[in-house]
Every structure is written in structure tokens, then in C-alpha cells.
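# What the coordinates show
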Amino acid sequence: MVEPVEIPTRLARALDAHARWRDAGVHLVGVRHHSPGCAAALAALLDEVRPAVVLIEGPREYGALLPALADERTKPPVAILSVGDRSSGFYPLADFSPEWVALRWGSGHGATVEFIDASYADIGEPEGVEVRTLQAEHHLARSELIAAVGARLGCRDHDETWEQLFEVRSPQELADWRRFFADTLAWGALARLDAERDLLDADGTHAREAVMAAILDRYRDAPGGVVVVTGAFHTLALLDVLEGAPEADWVRAKAGAALDPEREAWLIRYDFDRLDGLRGYGAGMPAPGFWQRAWQARSAGVDPCRFATAIVLEVAGRLRDADEPAGAATAMDAVAQALRLAELRGRGWPGRTDLTDALLSCFVKDDSGLSGAIGEALRAVFGGPELGAIPDGLAAPPLVAEARRAASGLRFLIDDATPRQVSLDTQRKPSHVKRREFLARMRFIGSGFARQLGGADLVQGTGAGLLFEDWEYAWTPLVEASLIAASTRGATIAELVRAGVAERLAEENLGAAGVAGLITELLVMGEPEALRPALKVLRRCYDDEVHLGSVVNSLHALAGLLAEQGRLPLGAQSGVIADLIGTGLACAAHLIAPLAGLRPEDQPRACDDLIALRSLLLRLESSPVEAPPSPVEAPPSLVELVETLSVSTSSTSDHALRRELRLLRRDPRTPARLHGCLLGLGFCDADLDADELAGASAAHLAPGADADRVAEFLLGLLQAAPDLLLHNPELVDALNAALGAMEPEAFLAVLPDLRRAFTWLKPAETHALAATLARLTGAAVTDLDAVLAVDPVLAERAATIERDLVASLRRDGLTEWVAS
């Protein structure tokens, strides 16, 4: 037997006042946002009372969107969007949202409908939050009193407690709206009694309620009555104000926000996946797809058994599609169990937890729970990526309609928020080039609509030689929100691209690499006419650039553009880009000599830059320009085209860059690490032979040489040419002698650097070097090339990971990264 509990004085006073104001024509309806139970009870109230005024919790400026919300072409789920200086706020609406029922009833019956919450701009934008819901219910979820009620009922969490008390009432019980909303008042009041005044002052609750109370005061005496639909947490405060209770002073003290602001708000498409409370939405009922089905079933008069059967069969169908079929007998067992659970729990209608518990019990045969196919099936049925509908141009800037028209025209599927992948043959199909250009524009303007997954990625400079580009796209509510926010910077996609280019070019410390990357993006977007300012800035960068790496990276990007003319609309700009490569090479040559005085902390990066520079030179010397074949002569190489435009070369092809590299290699001031790197590169390019390599290395590896110098030299050498030690016995002898002559303390001091140097070797190369050293020292190779005992299970897991990684690298065209 449940012991009676004394009702708190403030709650008892509120329940009495709630009934009196109801009888006087002021109906305070406390709801849980997106609750179909509340929506059903509210529909019954509205049809019986037929009020002249309907007031709804929501920012005041949303009133301007009432015509669009009332339009029959608008189909939930949708959301109203507020865009602030630092964040965006969403106010979602589903078919079963009480607010949706209220505004559609009011608009359809000629009632005055108003939103009564403070403006989004006055609510305040929390730090570090870019996107948030305007229907948060964290006070209810955190209430200790509600948690105590749930514990007494045997419920697992706040959501199941709400479901047990409200959502699973029978249709007849939901039609008893007087009792239903007295109960929701008590529910909200329990959470309210847990909340301290200082907290409600700090989070803006009292300031918002001051606006609600002020608007309610305008209509409280309206002929025909008024219905006020707010979150149940606010109902007690509004009653306090109506009654002049002492707690009303807490609300009145925060008055001052504008009651009739003129601010913009927009209407966007939304989906159940983002409405789902189990996926992080702060005010969502868990499993909105489930409650949408429950709302439709109860509205159509479907009995509980048919409703539960439909849910179970839909889950079973998705399991069958995932090759995990469930038999008809199992499905019917799940239906029967769900109905029995609902009956056992005293419910007039099967709820989410009844169906979930029954499905897990009947369909899952191990301890995997909601993981695997059953979890995916439930997420699909209880959620869903399907978007609502909004007539284009009705309540959103033209930019959104333009983007949707363009996407549809290029055969992208945007009727739901499902991520989709597409492979585009931009080398051979002009229609695929157009599709890629649109995806790239949407990426550039920050819409969140598209991203490239792999294949030939011209912006990142990866996947050269591959035919296809692999992209992923999805039209989600966040895409519409991003476009609406971006519309303040440009009315069309083209305007946003131009604005984005101007902003990027105006960035401080953009550097040559950044500008070259922007040029690549413009060409990938099919915007060659926008190149002129970027090309001019890049030429200025080459006059002022002080970072070799930035220059080299920019030259790699430009060389990639010339090599991919089949995919890109270079046109007459190819000559300009080739000329810029010549200018950039001259700039790089100018930046070589200062490396001799480089600080130790900058030397690792400088080695990377030198290696990238060598790769660039090889690329320029070997890559032909993509041009129509000539019957007379072969197409020139990139470096030949560059040289004919801007770089003077001698008959011995002693390029200025290579000359500067040689001078740096011979400069006695060059740090040991850079010197090792330059020697390795020079040897690989046949610019010095084995004897010259040994002679140049002698200063670093002579017996008695400084240990740090030996380690730094080895780091640079092996980074540039890891296999040098395998093919130069003289170098191995010299290194062995230098290490053997070190004092033990000095050797231990540089041992970490030595180990790091040898990590440039592949495992097979390490084994070969160990064999060479064994022969040199008379040791056993097994003593030098030790193999640790490894658990076979762990080894198999590692092998599987390696196979997957190798397959991934090969798919991405990175076969050269895979050891033979």
C-alpha cells in the first residue's frame, strides 16, 4: 500500500488556482514538448472550449511565421530557426507537438494566436554552444522529486516515468483534459520546487516568464477565453503571477525585455533523428518515430493490438533487410509480450518501453542488447531521416530555394537527411564535373552539405591518377540553418563564393600555400573567372614569402592544377599558372641560403621542406601537361613550359634551385641535420657519388665526433634517404666507428635520437641492416634483430588491422605507401 504524502503548500495553492482560473476562462496548459499525450489532451480541450485566444511558448518574433506555419503545404517535422551572433536556436515542431496542435487549431478557427516567450536575442547565447534547442527541459530531467516518483513507480529513468504517468493513458483518459493538465501542473511543479531562485535568475527562466506573464496579462480578460500552452515547468510561475503570490516577485523583478521585438526568424525542414531525445536533443521525447506512429494510430482509432503489431512487423522487416530475419511466430510472441507488459504495468496503451522490452526479449538471443541489427532497426523505426515540407520561398531566404533547386537539378536526393555517397568520373564525364562543382561550392560556403571522402582529391592533392572522386552529401536541418545564417553575407551561392574568396584573401599570414589552395578550390568549384585576384595575391606572396615550406606546398598545388587540366576549367589561365610556378621556383631558390643559420627547433620542419622541394622538382621534370596531342611533337613537360615562360637555364640544365641546394650542402655553417638531409637527397639524385657521400659525411662521423652532431646528422640523412645505409658499406663502417668511439654517457644521451633516426627504416630494411652489422662486428644477427614473443591472438588482430589498412591505402591510390 502506498503511503499518502502531504502535498506541498505552494503546489496545493496552485492546483486550486488552476481550477479557478480555468473556470474563469483562462486555461493554463502545462505540456511536455513533443508529447503526443499532451497534444491529444490539448486537442480535446480546444475542441470543447473553442477559445478566442491561443498563446504559445516561443520567441515573440515567431508570430511573423504564423501564415507559413498555417499553410497546408507545410508538413512537419519542421523547425523555426533563430540566428544569433554566436549561435543558432531551433524550435522543432512535429505532428504530435502540443504547440503545433495549438497553432494549427488557432489559425484554422480564427483565434488570435501569439508566441509569448522572450525574443531569442534576449534569452542569451551560452558560451561555446553553436546550436541549441529552445525547448530545453533540463530542470525536469534533473529534478530529485521527479526521480523519487520514478523510483517509487519502478521506472528506469525520467522518460519512462513520464511515459508511465502520461503517454500510455487510454484515448478516453486523454480526452479528460481537466485531470490530465492538473496532473502535468503537479509534474512541472515538483521540478519547480527543486529549483533555487538564484539558478532561475541566472539561466534566464524568470526573465522569460516575465515576458510570458506580461503577454498573458493583455489577454486574460479576453471574451471567449484564452488557452496558454507552455512547458509544464512554467505553469506554476504564471499561476503565481496571476494570484499575486509572494513568488511572483521573483518573476516581476526580471521584467524589462522587449515585448514586441522586430527580429527575423526562419522556417526550415527537420527530421526525427534530430528530434530524438536519445540522440542528444534536449527537449525531445525519446523515439519520435514511435510516437508519430502512436499519434496517427490513436487519431485513426486503431486498437492497441493492431498498433503494436504494425511496430513489430516493421522492425522485423528491417531485420530481414539486414539478413537477420525473424519468424512470424517470434514476431507475434513479441506483440503478445508487449501487450502483456503494458497490462502488467497498468497502462491503457502500449508504450515505447513495452515494445522495446518485448522486442529485445524475443528477438535478441544473446547479451548484445541494442547493438547490431536490432539496434539499427529500432533506430530506423523509432527515428528516421525523412524531412518535413516547406514551400520554397515561403519562410526562408531565396538562397535555400536556390540551393535545393540546384541540388535537385543535378540529381542529388534531398527529400530526407540520409547521408549518401556518390562517385564522380570527372575525368571523362562533363555532367559529373558539374555535380562536383556544385558539391565543392556548397562545401566552400560552409553549408555542411558535402564533403569529399576519397578518390582524386584535387584540393588535398591526393589520389592523383585516379578516375573517380568520392563524395558524401546530405540535406539536413543544419544545412538549411547554415544557408540562412550565410544569407546575411550573400543572397546567392555565387555571391557567397565571391565573399568567401575576399575574406580568405584578406586573412593575415595567409601565405603562398593558402592562396594556392584557394586557387585550387576555385577551379574545383568551376569558378575560373574568380581567379584573377587570387593569382595577383599569390604573385605578391612570392615577393614577400619567408617560409620555404609554404612556397613548396603552393608550387605542388599549382603543378597539380596543370597536371589535371582534363578535370579543371583552366583555359587561358594555364599559361599564367605556369608563369607563377616559375616565379615560385625563383622565390624558393632565394629561400635556400638562409637555412644555413636555422635554429635547432626549426630544422626538422626544414628537412620536410627540402624533401618536398626535391619531390616537386622530380614532378616538374616528369609530368607532362595535359593538352591535345600534337602530330608533330610531344607535349612539353611542366618544367619545360615553366622554363620557356620565366626561368633561365643553361645548356647544362644547372637550375638555380639545384645550384642553391649544392651551395647549402657545401656551406660549413649548415647544421648537421640539414647537411645529412641534403647529402641523402643529393645521393638519390646522383648529384654526388658514394665517395663524395663518404667524404662529406666524414666530418660528422669521425671517431671522437660530438655525439649530438652524429645523431642529428643521422636523423637528417635517414629521413631523406632511409635505404642509404643498406647500399653504402663505407657509410656503415664510418657510422659504426663513430658510435663505438663514444663515451657510454654520451651514447646514452643521444640514444633516443638514434632510435628515432632508425624508425625511418621499414622492418625489412632494419633486418637487412642488422645482418650487415652482424657481419661487421662478428655478432649473431638474432642478437641484433630481436623478435619479441607475441600472443597469437594479438598477432592475428594486428594482421587483420594491417590487411584492412593496406586495402584502404590501395583503394585510395596510395599503393606506394605499402611496403613490398
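What you see is a predicted model; the values in this text were computed from it and never measured. (Residues numbered from 1 in each chain as written. Predicted model: local features only at pLDDT ≥ 70, side-chain atom pairs only at ≥ 80, totals over all residues. Heavy atoms only, no water.)

As a further point, take the overall build of the protein. Across its full length, the protein holds 40 helices and eleven strands. A globule of 820 residues ought to have a C-alpha radius of gyration of about 28 Å, yet the protein, at 36 Å, is considerably larger. Viewed in the frame of its principal axes, the protein has a C-alpha envelope of about 105 × 60 × 55 Å. By residue count, 51% of the 820 residues in the protein fall in the buried class. Total accessible area on the protein stands at roughly 37,400 Å², and carbon and sulfur atoms take up 53% of it. Placing the 80 positive and 118 negative side-chain charges of the protein at their respective mean positions leaves the two points 4 Å apart. (Helix = DSSP H or I, 4+ residues; strand = E, 2+ residues; numbered from the N terminus. Rg over C-alpha atoms; globule rule 2.2 N^0.38 Å. Buried < 20%, exposed > 50% of the residue type's maximum accessible area, 1.4 Å probe, protein only. Areas by Shrake-Rupley, 256 points an atom, 1.4 Å probe, with all protein chains shown as cover. Lys, Arg positive; Asp, Glu negative; His and termini not counted. Charge placed at Lys NZ, Arg CZ, Asp CG, Glu CD.)

What follows covers helix α29 (residues 603–622). An α-helical segment advances 3.6 residues per turn. Residues three or four places apart therefore align on the same side. End to end, α29 covers 29 Å across 20 residues, agreeing with the expected 28 Å (1.5 Å per residue, within 8%). Buried within α29 are the following residues: Gln603, Ala606, Cys607, Asp609, Leu610, Leu613, Leu616, Leu617 and Leu620. (Expected span 1.5 Å × (residues − 1).)

If you walk through the whole model with that rule in mind, you get 20 aromatic pairs. Ring centres of Tyr91 and Phe115 lie 6.0 Å apart, and the angle between their planes is 90 degrees; this geometry places the pair in the edge-to-face category. One end of the pair, Tyr91, is in strand β4 (residues 88–93); the other, Phe115, is in strand β5 (residues 112–117), with 24 residues separating them in the sequence. Tyr91 gets classed as buried once you look at its relative accessible area, which sits at 1%. The rings of Trp162, Phe166, Phe180, Phe181 and Trp187 are connected pair by pair, giving a single aromatic cluster. Geometry around Phe233 places Arg192 over its ring, the cationic atom sitting 4.8 Å from the centre. A cation over a ring is seen here: Arg404 above Trp475, with NZ or CZ 5.1 Å from the ring centre. (Phe/Tyr/Trp six-rings, centres within 6.5 Å; stacked < 30°, edge-to-face > 60°. Lys NZ or Arg CZ within 6 Å of the ring centre and 35° of its normal.)

Attention shifts here to the sheet that holds strand β9 (residues 420–424). Spatially, three strands are ordered β9-β11-β10 in an open sheet, and the strand pairing comes out antiparallel. Two strands close off the open sheet at either side, each with one partner strand: β9 and β10 (450–455). Strand-to-strand twist of the sheet, defined as the mean angle between neighbouring strand axes without regard to direction, takes the value 25 degrees. Pairing analysis gives five bridges linking β9 to strand β11 (residues 469–473), with the strands arranged antiparallel. Note that in β11 the partner of Arg420 across the bridge is Tyr473. Where helix α22 (residues 430–444) meets the sheet, its contacts fall on β9, β10 and β11, and the angle it forms with β9 comes to roughly 130 degrees. (Pairing = 2+ DSSP bridges. Axes fitted to C-alpha atoms, helices over the stretch in contact; angles between N-to-C directions. Contact = heavy atoms within 4.5 Å.)

Our next topic: the nonpolar core. Residues Leu69, Phe363, Met442, Phe449, Trp475 and Leu610 are the most contacted members of the largest nonpolar core, which totals 180 residues. Apart from the residues within four sequence positions on either side, Trp475 is in contact with Leu387, Val400, Ala403, Arg404, Ile414, Asp416, Ala417, Met442, Phe449, Glu480 and Leu483. If you look at the next biggest cluster of nonpolar residues, it comprises 30 residues, including Val53, Leu55, Met212 and Leu239. (Core = buried A, V, L, I, M, F, W, Y, C linked by side-chain atoms within 4.5 Å.)

For the structure on display, the rule yields 56 salt bridges. Among the ionic pairs, Arg169 bridges to Asp183, the shortest N-O distance being 2.8 Å. Taken together, the residues span a long stretch of sequence, with Arg169 in the loop between α8 (158–167) and α9 (171–175) and Asp183 in helix α10 (residues 177–194) at a distance of 14 residues. The buried category is assigned to Arg169, whose relative accessible area is 13%. Asp357 is the salt-bridge partner of Arg345, the closest N and O atoms lying 2.8 Å from each other. One end of the pair, Arg345, is in the loop between α18 (328–344) and α19 (352–363); the other, Asp357, is in helix α19, with twelve residues separating them in the sequence. Owing to a relative accessible area of 25%, Arg345 belongs among the partly exposed residues under this scheme. (Salt bridge = Lys/Arg side-chain N within 4 Å of Asp/Glu carboxyl O.)

Before going further, it helps to spend a moment on the side chain of Glu99. For Glu99, the position within the fold is in helix α4 (residues 98–108). Although Glu99 is buried, it makes no salt bridge; Arg208 carries the closest opposite charge, 9.2 Å away. Dropping the residues within four chain positions of it, Glu99 is found in contact with Val31, His33, His34, Ile56, Tyr91, Leu93 and Gln135.

On to the confidence of the model for the protein. With 90% of its residues at a pLDDT of at least 70, the protein reaches an overall mean of 86. Within the model, pLDDT remains below 50 along residues 641–654, and this stretch shows 20 contacts once partners closer than five positions in the same chain are excluded. (pLDDT = per-residue confidence, 0-100.)

Our next topic: the sheet that holds β5. Backbone hydrogen bonds are what pair the strands of a sheet, in a parallel or an antiparallel way. Strand order in the open sheet formed by four strands is β1-β7-β2-β5, with parallel pairing between adjacent strands. Since the sheet does not close on itself, it has two edges, and those belong to β1 (26–31) and β5, each with one partner. Here the average twist between neighbouring strands, direction ignored, is 25 degrees. One ladder, built from four bridges, connects strand β2 (residues 53–59) with strand β7 (residues 226–231); its direction is parallel.

For α10, which comprises 18 residues, the first-to-last C-alpha distance of 26 Å matches the rise-based estimate of 26 Å (1.5 Å per residue) to within 8%. Regarding α10, the residues found buried are Trp177, Phe180, Phe181, Thr184, Leu185, Trp187, Gly188, Ala189, Leu190, Ala191 and Arg192.

The next thing to look at is the pairing of β7. Regular strands place their side chains on alternate faces of the sheet. The buried fraction of β7 amounts to six of the six residues, a majority that puts the element mostly inside the structure. In terms of strand pairing, β1 meets β7 through six bridges, oriented parallel. Counted as the bridge partner of Val29 is Val229 from β7.

Axis separation between helix α7 (residues 144–153) and α10 bottoms out at 7 Å; the angle between their running directions is 130 degrees. Accordingly, the angle class assigned to the pair α7 and α10 is oblique. Facing α7, whose interface residues are Glu144, Leu145, Ile146 and Val149, α10 presents Trp187, Leu190, Ala191, Leu193 and Asp194. Tallied by class, the residues present in the contact of α7 with α10 amount to seven nonpolar, no polar and two charged. (Parallel < 35°, antiparallel > 145°, perpendicular 65-115°, else oblique. Nonpolar A, V, L, I, M, F, W, Y, C, P; charged D, E, K, R; others polar.)

Here we take up the state of the cysteines. For the structure on display, the rule yields zero disulfides. Free of any disulfide, Cys587 has its nearest neighbouring cysteine sulfur in Cys541, separated by 9.2 Å. Under the relative-accessibility criterion, Cys587 is labelled buried at 7%. (Disulfide = S-S within 2.5 Å.)

What follows concerns unusual backbone geometry. Cis geometry is adopted by the peptide bond preceding Pro77, which originates at Pro76 and carries an omega value of 5 degrees. Position of Pro77 relative to the elements: it lies in the loop between α3 (66–70) and β3 (78–83). One non-glycine residue with positive phi stands out, namely Arg50, at about 50 degrees. Position of Arg50 relative to the elements: it lies in the loop between α2 (36–49) and β2. The backbone of Asn509 shows a phi angle near 60 degrees, a positive value even though the residue is not glycine. Checked against the element boundaries, Asn509 lands in the loop between α24 (493–505) and α25 (511–524).

Here we come to a negative patch on the surface. A contiguous patch of negative charge, built from Asp689, Asp691, Glu692, Glu730 and Asp733, is present on the exposed surface. Contributing elements (two or more residues each) for the negative patch: α33 (690–701) and α36 (729–740). For Asp733, the location among the structural elements is in helix α36. Overall, Asp733 belongs to the partly exposed group, its relative accessible area being 38%. (Patch = residues over 30% accessible without salt bridge, like charges linked within 9 Å, V, L, I, M, F, W, Y side chains within 5 Å.)

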